[in-house]
Amino acid sequence: MNSRRLVIAVDGPAASGKGTIAKALARHYGLPHMDTGMLYRSAALALWRFGGDPGEEFEAAGAAREIGNIDPDDPELRSETIGELASRVSAYPAVRQILKERQEEFAGQPSGAVLDGRDIGTVIYPTATSKLFVTASPEVRAERRFGELQARGANAHYDEVLADIRARDQRDSDRAAAPLVQAEDADLLDTSNLGIDEAVAEAIRLVDARIG
Ligand code: CDP
């Protein structure tokens, strides 16, 4: 393996800005990017379409095995209903195991890669060159998510969005299987008071410092 191969792990909670930052890093360093949340969302959507029971691990695992090509522009995948369901099915070890292989393969490609998710730096690719843990206060994240929903014309209420963010944080952090936690060797990037350009510039600075 080329020792200069660059793999960047970007983890963090919902609406922290990790997706935007990961995409910008991929562009900056000329690397392919994987939004791993889309895998969990796709498993959730498959389960939902089959009318499967999210309370049953084997049904969720069956849905995770069904995932084929993902259309990232599918509006159903981005919906709050599917995000919430994704958070539930992602707590099952069997689901995580099935989706792990695709992520490892992506991270291991010769070109290097940027992956964003919850457990990239801790479980999927602990040897990543650079790990960022991107976060922001729940209120700021709820405001961002609320703005996104309004822009999409969805009928959203700020209080409900905030409650959903808090519930999702708790479920993602408290689960036994690959909980959301900052890797010991990750750099913390708090975007609460940063605009997109500032957050991206800071992310590039942190990655560059790791590349040395
Ligand atoms: O950005 P947002 O949290 O809305 O959604 P996402 O990143 O698409 O992830 C949806 C759900 O999938 C999260 O709430 C997590 O529970 C789960 N997920 C995970 O467990 N591990 C990942 N690597 C990515 C997402």
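Residues numbered from 1 in each chain as written. Predicted model: local features only at pLDDT ≥ 70, side-chain atom pairs only at ≥ 80, totals over all residues. Heavy atoms only, no water.

J.: Requested: an account of empty space enclosed by the protein, with residues and values cited.
T.: If you walk through the whole model with that rule in mind, you get one cavity of 30 Å³ or more. Take the lining of the largest cavity: its biggest share by element is three residues, from strand β4 (residues 130–135). The class makeup of the residues in the lining of the largest cavity is five nonpolar, two polar and two charged. (1 Å grid on protein atoms, 1.4 Å probe; cavity = no way out; pocket = protein on both sides within 12 Å on 5 of 7 lines; lining within 4 Å. Points joined across faces, edges and corners; volume = space filled by probe spheres on them. Helix = DSSP H or I, 4+ residues; strand = E, 2+ residues; numbered from the N terminus. Nonpolar A, V, L, I, M, F, W, Y, C, P; charged D, E, K, R; others polar.)

J.: I'd like a rundown of unusual backbone geometry, residues and numbers included.
T.: Residues other than glycine seldom take positive phi values, yet Ala15 does so here, at roughly 60°. The topology assignment puts Ala15 in the loop between β1 (7–11) and α1 (18–29). Classification of Ala15 by relative accessible area gives buried; the value is 10%. The phi angle at Ala178 is positive, at roughly 45°, despite the residue not being glycine. Inspection of the secondary structure assignment puts Ala178 in the loop between α8 (158–174) and β5 (187–190). (Buried < 20%, exposed > 50% of the residue type's maximum accessible area, 1.4 Å probe, protein only.)

J.: Tell me what's going on with the packing of helix α2 (residues 37–50) against helix α4 (residues 80–89), and back it up with residues and numbers.
T.: Orientation of α2 relative to α4, taken along the N-to-C sense of each, is 100°, at an axis distance of 8 Å. The angle between α2 and α4 places the two elements in the roughly perpendicular class. Mapping the contact onto sequence places Tyr40, Arg41, Ala44, Leu45, Leu47 and Trp48 in α2 and Ile82, Gly83, Leu85, Ala86 and Val89 in α4. Here the residues of the contact of α2 with α4 sort into nine nonpolar, one polar and one charged. (Axes fitted to C-alpha atoms, helices over the stretch in contact; angles between N-to-C directions. Parallel < 35°, antiparallel > 145°, perpendicular 65-115°, else oblique. Contact = heavy atoms within 4.5 Å.)

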